[in-house]
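Here is what each chain is made of, one letter per residue.
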Amino acid sequence: ADPLTLLREYTCAGKTAVLQGNDILINERRFPRTTETNYRSRSEKHNFYTLDAVWFLLQNREIRHATYMQMCSRQKFPIVSMVDRKDLLAFVTGEIATSSNVVAAPELPPLLQPLPLT
């Protein structure tokens, strides 16, 4: 499955993905934090959010967006735009079943396959 779906399933199960170095661990799968998800930005139609952008928003979903943006800047995480925030969080937390911003996940080339935990 694609990283966004795995993150969603893991989050809906009440579990938290973990940032470890330059990887994000979801259950027993390891993904480079810069892995592109299949969630397309509404504000920039050709851009897809990276896994670390979605993960960082999820970790900081309770704080005001302005504060979140400052934290992204300080901690070097890509910012999820305000226009995407509510829909993306609702999708990843299971509040909504689908989103028009989620596109079919392409098959990952062999070099981008998630690495097994060691």
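Residues numbered from 1 in each chain as written. Predicted model: local features only at pLDDT ≥ 70, side-chain atom pairs only at ≥ 80, totals over all residues. Heavy atoms only, no water.

On inspection of all chains with the given rule, the structure shows three salt bridges. Of the charged contacts, one joins Arg 30 and Asp 23 as a salt bridge, the two residues approaching to 3.2 Å between their closest N and O atoms. Accessibility expressed as a relative area gives 13% for Arg 30, which makes it buried. The salt bridge involving Arg 33 is made with Asp 52; its shortest N-O contact spans 3.0 Å. Placement of Arg 33 in the loop between strand S3 (29-32) and strand S4 (36-40) and of Asp 52 in helix H2 (residues 51-59) is noted, with a sequence separation of 19 residues between them. For Arg 33, a relative accessible area of 14% gives the class buried. Taking the relative accessible area as the measure of exposure, Asp 52 reaches 4% and is therefore buried. (Salt bridge = Lys/Arg side-chain N within 4 Å of Asp/Glu carboxyl O. Buried < 20%, exposed > 50% of the residue type's maximum accessible area, 1.4 Å probe, protein only. Helix = DSSP H or I, 4+ residues; strand = E, 2+ residues; numbered from the N terminus.)

Turning to the nonpolar core, a few remarks are in order. Among the nonpolar cores identified, the biggest contains 26 residues, and Leu 7, Ile 26, Leu 88 and Val 92 are the most heavily contacted of them. Of all the secondary structure elements, the ones that give two or more residues to this core are helix H1 (3-12), strand S2 (23-26), H2, helix H3 (65-75) and helix H4 (82-92). Of all the elements, H2 adds the most residues to this core, at seven residues. Apart from the residues lying within four places of it in its own chain, the contact partners of Val 92 are Leu 4, Leu 7, Arg 8, Thr 11, Cys 12, Val 54 and Leu 58. (Core = buried A, V, L, I, M, F, W, Y, C linked by side-chain atoms within 4.5 Å. Contact = heavy atoms within 4.5 Å.)

To continue, consider the packing of aromatic side chains. Note on aromatic pairs: each is described by the distance of the centres and the angle between the planes. Per the counting criterion, the structure on display carries five aromatic pairs. Measuring from ring centre to ring centre gives 6.0 Å for Trp 55 and Phe 77, while their planes differ by 35 degrees; the resulting arrangement is tilted. Taken together, the residues span a long stretch of sequence, with Trp 55 in helix H2 and Phe 77 in the loop between H3 and H4 at a distance of 22 residues. You can call Trp 55 buried: its relative accessible area is 11%. Its relative accessible area of 9% is what places Phe 77 among the buried residues. In textbook terms, an aromatic cluster arises when at least three aromatic residues are bridged by ring pairs, as seen for Trp 55, Phe 56, Tyr 68 and Phe 77. Directly above the ring of Phe 91 sits Arg 8, whose terminal nitrogen or CZ lies 4.6 Å from the centroid. The ring of Phe 77 carries Arg 33 above its face, with NZ or CZ at 4.5 Å from the centroid. (Phe/Tyr/Trp six-rings, centres within 6.5 Å; stacked < 30°, edge-to-face > 60°. Lys NZ or Arg CZ within 6 Å of the ring centre and 35° of its normal.)

On to the environment of Ser 100, then. Along the chain, the position of Ser 100 falls in the loop between H4 and strand S6 (115-116). The class for Ser 100 is exposed, based on a relative accessible area of 73%. Each C-alpha atom, one on Ser 100 and one on Tyr 39, is 8.9 Å from the other, the two residues being 61 residues apart in sequence.

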